[in-house]
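Structural characterization, general
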Amino acid sequence: MKMASPAGGSTSDPGPACRGALLLLLGLFFIPGAPGLEVSVGKTNIVTAKNGTDVLLPCIFATCIGFENVEFWWTYNSTDTYNVLYRGTIKNKQSNPQMKEHPDSQIELAASNTVKDYNISIIVKNVEFENEGKYTCFVINPKEKYARHNATVNLKVVDKFVVVDNTLTVIIAGAIGGLIGLLILIFILKKIITFAIKKSREKKKDYLVNSSGNDNTEIASKTPHKV
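Residues numbered from 1 in each chain as written. Predicted model: local features only at pLDDT ≥ 70, side-chain atom pairs only at ≥ 80, totals over all residues. Heavy atoms only, no water.

A short note on the overall build of the chain
For the record, the criterion: Each helix is a run of H or I in the DSSP string that is no shorter than four residues. Each strand is a run of E no shorter than two, and both are numbered from the N terminus. The buried label applies to any residue whose accessible area, calculated with a 1.4 Å probe on protein chains only, is under 20% of its type's maximum; exposed applies above 50%, and partly exposed to all values in between. When checking whether two residues touch, look at their non-hydrogen atoms; a contact exists if any pair is within 4.5 Å. Here the accessible surface of atoms and residues is derived via Shrake-Rupley with a 1.4 Å probe, and residues count as covered only by protein chains that are part of the display.
Along the chain, the regular secondary structure elements total two helices and 11 strands. In sequence order, the chain lays out its α and β elements as α-β-β-β-β-β-β-β-β-β-β-β-α. Sorting the 227 residues of the chain into buried and exposed places 22% on the buried side. A separation threshold of at least 6 residues defines the contact pool for the chain, and within that pool the share at least 24 residues apart is 54%. For the chain, the exposed surface amounts to about 16,900 Å²; the carbon and sulfur share of it is 61%.

Points about unusual backbone geometry
Here K145, not a glycine, exhibits a phi torsion of approximately 55°, which is positive. The topology assignment puts K145 in the loop between strand 10 (133-141) and strand 11 (147-158). Looking at K145, the relative accessible area reads 71%, which means it is exposed. Backbone geometry at Y146 places phi at a positive 60°, although glycine is not the residue there. Position of Y146 relative to the elements: it lies in the loop between strand 10 and strand 11. Assessed through its relative accessible area of 57%, Y146 is described here as exposed.

Observations regarding the packing of aromatic side chains
The criterion, for reference: Aromatic rings from Phe, Tyr and Trp, with only the six-membered ring used for Trp, were paired whenever their centres fell within 6.5 Å, and each pair was classed as stacked if the ring planes differed by under 30 degrees, edge-to-face if by over 60, and tilted otherwise.
Summed over all chains, the structure comprises six aromatic pairs. An angle of 15° between the planes, with centres 5.8 Å apart, marks the rings of F61 and Y118 as stacked. A residue pair is termed long-range when its members are at least 10 positions apart, and F61 in strand 4 (residues 60-62) and Y118 in strand 9 (residues 118-124) qualify at 57 residues. Classification of F61 as buried rests on a relative accessible area of 1%.

Some thoughts on the confidence of the model for the chain
In low-pLDDT regions, the fine details of the predicted coordinates are not to be read closely. So the rule is basically this: pLDDT expresses how confident the predictor is about each individual residue, on a scale running from 0 to 100.
Mean pLDDT over the chain works out to 78, with 72% of the residues at or above the 70 mark. Confidence scores differ between elements of the chain, with helix 1 (residues 16-29) showing the lowest mean pLDDT of 41 and strand 3 (residues 55-57) the highest of 96. Here residues 1-14 is a poorly scored stretch, pLDDT under 50, and it has seven contacts once near neighbours within four places are set aside; other chains count. Of the regions scoring below 50 in pLDDT, residues 16-34 engages in two contacts with residues more than four places distant in sequence or in other chains.

Description of the nonpolar core
For the record, the criterion: We define a nonpolar core as any set of buried Ala, Val, Leu, Ile, Met, Phe, Trp, Tyr and Cys residues linked to one another through side-chain atoms lying within 4.5 Å.
Residues L57, F61, W74, Y135 and L155 are the most contacted members of the largest nonpolar core, which totals 31 residues. Among the elements of the structure, strand 2 (46-50), strand 3, strand 5 (70-77), strand 6 (82-90), strand 8 (107-113), strand 9, strand 10 and strand 11 are those that each provide at least two residues to this core.

Digging into the pattern of salt bridges
Test applied: Salt bridge, as used here, is a side-chain nitrogen of Lys or Arg placed within 4 Å of a carboxyl oxygen of Asp or Glu.
Counting across every chain of the model gives one salt bridge. Here R87 ties to E101 by a salt bridge, and the two come within 3.3 Å at their closest N and O atoms. On the criterion of sequence distance, the pair formed by R87 in strand 6 and E101 in strand 7 (residues 98-101) is long-range, its members being 14 residues apart.

Let's talk about the state of the cysteines
Short version of the rule: The disulfide criterion is simple: two cysteine sulfur atoms within 2.5 Å.
Scanning all chains against the criterion turns up one disulfide. In this model C59 forms its disulfide with C137; the gap between the sulfur atoms is 1.9 Å. One disulfide, between C59 and C137, carries an S-S torsion of 75° and so falls in the right-handed class. One end of the pair, C59, is in the loop between strand 3 and strand 4; the other, C137, is in strand 10, and 78 residues separate them in sequence. Here C59 matches C137 in class, with each residue buried.

What to know about the sheet that holds strand 2
The criterion, for reference: Strand pairing is defined by DSSP finding a minimum of two bridges between the two strands. What counts as an axis is a line fitted to C-alpha atoms, over the stretch in contact for a helix, and the angles between N-to-C directions run from 0 to 180 degrees.
As summarised here, the arrangement of the six strands in space is 2-11-10-5-6-7, forming an open sheet in which the pairing is mixed. The open sheet terminates on both sides in strands that have one partner only, identified here as strand 2 and strand 7. Strand after strand, the sheet turns through a mean of 25° between neighbouring axes, direction not considered.

With respect to the pairing of strand 10
When you tally the buried positions in strand 10, you get eight out of nine residues, the bulk of the element. Note that strand 5 and strand 10 share seven bridges and pair antiparallel. What sits directly across from E71, in strand 10, is I140. Sheet topology note: the strand 10/strand 11 ladder contains nine bridges and is antiparallel. Directly across from N141, in strand 11, lies its bridge partner A147. Between strand 10 and the antiparallel strand that follows it, strand 11, lie five residues; K145 among them carries a positive phi value of about 55°.

Below, the structure written as C-alpha cells:
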C-alpha cells in the first residue's frame with residue numbers, strides 16, 4: 001500500500017542505490033566466519049604425565065576484536081565426577097587474572113599474555129592415577145555478546161614413560177634403502193652394458209663394410225680388361 005504524498009502523488013521508490021547500500025550493510029553485519037573468540041589447547045588434546053609429577057594443561061584464547069571482563073573457568077570430568085577446578089576473570093589485555101573460585105588446591109593457574117593470545121593454562125600438581133580424565137577450559141567474552149567457547153584436554157597418567165625401541169624400524173628402513181640402491185645400481189650397469197654392446201656391434205658392422213669394400217676394389221684392379 002502506497003501512502004499519498006503532499007502533492008497528491010505516491011511516495012517514490014528509494015531507488016537501486018539506496019537498496020544496494022542497505023544490502024551491503026546487512027552483508028557486512030552477517031558475514032560468516034568473522035574473526036571472534038577462539039579457544040585452543042594446542043596441536044594435540046592428549047597430555048601424558050608420570051605419576052607423582054606436575055603437569056601443565058595448556059589453554060589459550062584469542063580474539064581479533066579484543067576482550068573486556070572475560071570470564072573463564074576450568075572443569076574436570078571423569079567417568080563419575082564433574083568438578084569446577086578454577087574460576088576467574090580478566091578485565092582486559094593488560095590485566096592479570098583475578099580469582100573468583102579455587103576449590104581445588106592441587107590446581108595452580110599459569111596465566112600469561114602475548115601479543116596475539118592470552119594463556120590461561122593450569123598446572124596439576126603431584127598427579128595421581130585418579131586425576132586422569134577430561135579437563136575443559138571455558139571462556140566467555142562479554143564484548144562479543146557473551147560468546148562462549150571451550151576446549152578440552154585429556155590427561156593420561158602413567159607409572160613410567162615407555163621408551164620406544166626403533167631398532168627394528170631402522171633395520172627395516174636400512175634394508176629397504178639398500179635394496180633400492182642395489183636395484184638402481186643394477187639398472188645403471190644394465191644401461192652401461194647395453195650401450196657398450198651396441199657400440200661394439202656398430203664398430204664391427206663398420207669394419208665388415210669397410211673390409212668388403214676393400215676386397216671388391218682389389219678384385220676389380222686384378223681383373224684383366226678385354227680390348
